[in-house]
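Listed here are the chains, written in short residue letters.
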Amino acid sequence: MKFETRHVPGALKLSQEMGWPYRREDWEFAATVGQGLVLERAGEVIGTALWWNYGPAYASAGMIIVTGSAQGAGNGSRLFDGLLEAAHGRNVLLNSTEEGLALYKRRGFTAWGTVLQLQGPLTVAVTQSARNDVRQATISDLAAIQAFDERAMGMPRSSMVAALADAGKVVVIERAGRVAGYAVARKFGRGYVVGPCAAESVEDARLLILAQLSKLHDRFVRIDVYAEDGLGDWLESLGLERAGSATAMVKGQRPVSDGPAHMYALANQSFF
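Residues numbered from 1 in each chain as written. Predicted model: local features only at pLDDT ≥ 70, side-chain atom pairs only at ≥ 80, totals over all residues. Heavy atoms only, no water.

## Overview of the packing of aromatic side chains
Centre distance and the angle of the planes are the two values used to describe a pair of aromatic rings.
Alright, step 1. Per the counting criterion, the structure on display carries 10 aromatic pairs.
Alright, step 2. Three or more aromatic residues link up through ring pairs in this structure, and these residues are Phe3, Trp20, Tyr22, Trp27 and Phe188.
Alright, step 3. We note Arg157 situated over the ring of Tyr54; from NZ or CZ to the ring centre the distance is 5.8 Å.
Alright, step 4. The ring of Phe29 carries the charged tip of Arg186 above its face, separated from the ring centre by 5.2 Å. (Phe/Tyr/Trp six-rings, centres within 6.5 Å; stacked < 30°, edge-to-face > 60°. Lys NZ or Arg CZ within 6 Å of the ring centre and 35° of its normal.)

## A look at the packing of helix α5 (residues 142-153) against helix α6 (residues 158-167)
Alright, step 1. Between α5 and α6, whose axes approach to 9 Å, the crossing angle comes to 125°. Classified by the angle between their axes, α5 and α6 sit oblique to one another. Note on packing geometry: the crossing formed by α5 with α6 is right-handed. Across the interface between the two elements, Leu142, Ile145, Gln146 and Asp149 of α5 pack against Ser158, Val161, Ala162 and Ala165 of α6. (Axes fitted to C-alpha atoms, helices over the stretch in contact; angles between N-to-C directions. Helix = DSSP H or I, 4+ residues; strand = E, 2+ residues; numbered from the N terminus. Parallel < 35°, antiparallel > 145°, perpendicular 65-115°, else oblique. Left-handed = near helix turned anticlockwise from the far one by under 90°. Contact = heavy atoms within 4.5 Å.)

## Considerations on the packing of helix α1 (residues 8-17) against helix α2 (residues 24-33)
Alright, step 1. Where α1 contacts α2, the axes come no closer than 9 Å and their chain directions differ by 120°. Judged by the inter-axis angle, α1 sits oblique to α2. The two elements α1 and α2 meet at a crossing, and its hand is right-handed. Note on element contacts: α2 touches α1 through Arg24, Trp27 and Glu28, opposite Val8, Pro9, Ala11, Leu12 and Ser15.
Alright, step 2. The class makeup of the residues in the contact of α1 with α2 is 5 nonpolar, 1 polar and 2 charged. (Nonpolar A, V, L, I, M, F, W, Y, C, P; charged D, E, K, R; others polar.)

As structure tokens, then:
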């Protein structure tokens, strides 16, 4: 069955059962920018699987949950197979928990990286760099931000980026009159999430993240970063704690970034 707005309360109950920090607003946002499937039993939501369309060649998948009482009966496989069918042969990205690895490997997914989840109350006073190339974005920057995101991700996410920018606050790095990186901070889960953050170097990514963190003192903050970029230890030095990790996987071909543009922090583990 197609996931609809009326399924949000049941989906929220599922994520609470899993101990995931999603709010009702987070489910509503995810459903608005994506699409998905739901399983019901006697009018109760017992399973969800959502996906997000990034052009004719790519998609991401996430929020795949089956309630405990319905596990072990093939419901997770049914949902996920329905999701893959709905994606119409696209290359599909996802971030897997340890529990999901076996299912995804059976469906042809391969691992390509590790995502670190860092979070906690931001009690360390973080100061934004005095450099004047980092500034608050304006509506006139949106097209350039969308174009930079596409170069960093290797796939078109214009609608997603527009929705994220509308939901949060955006900073950019401007070099020689062009956008050379951006970062979004928005309400999510227990507090705020910083991401996506795309830049042309790890140093620029740190500048963008610091610009966002400088406004979030004493707030609960979450940032999901790729382990191979080395930002985990730095974020820990700012007082955030490693709360877990996920395995980045792909079915098909992984998108390739264009030039130095690179994605350092995810919007979340479902959206990428």
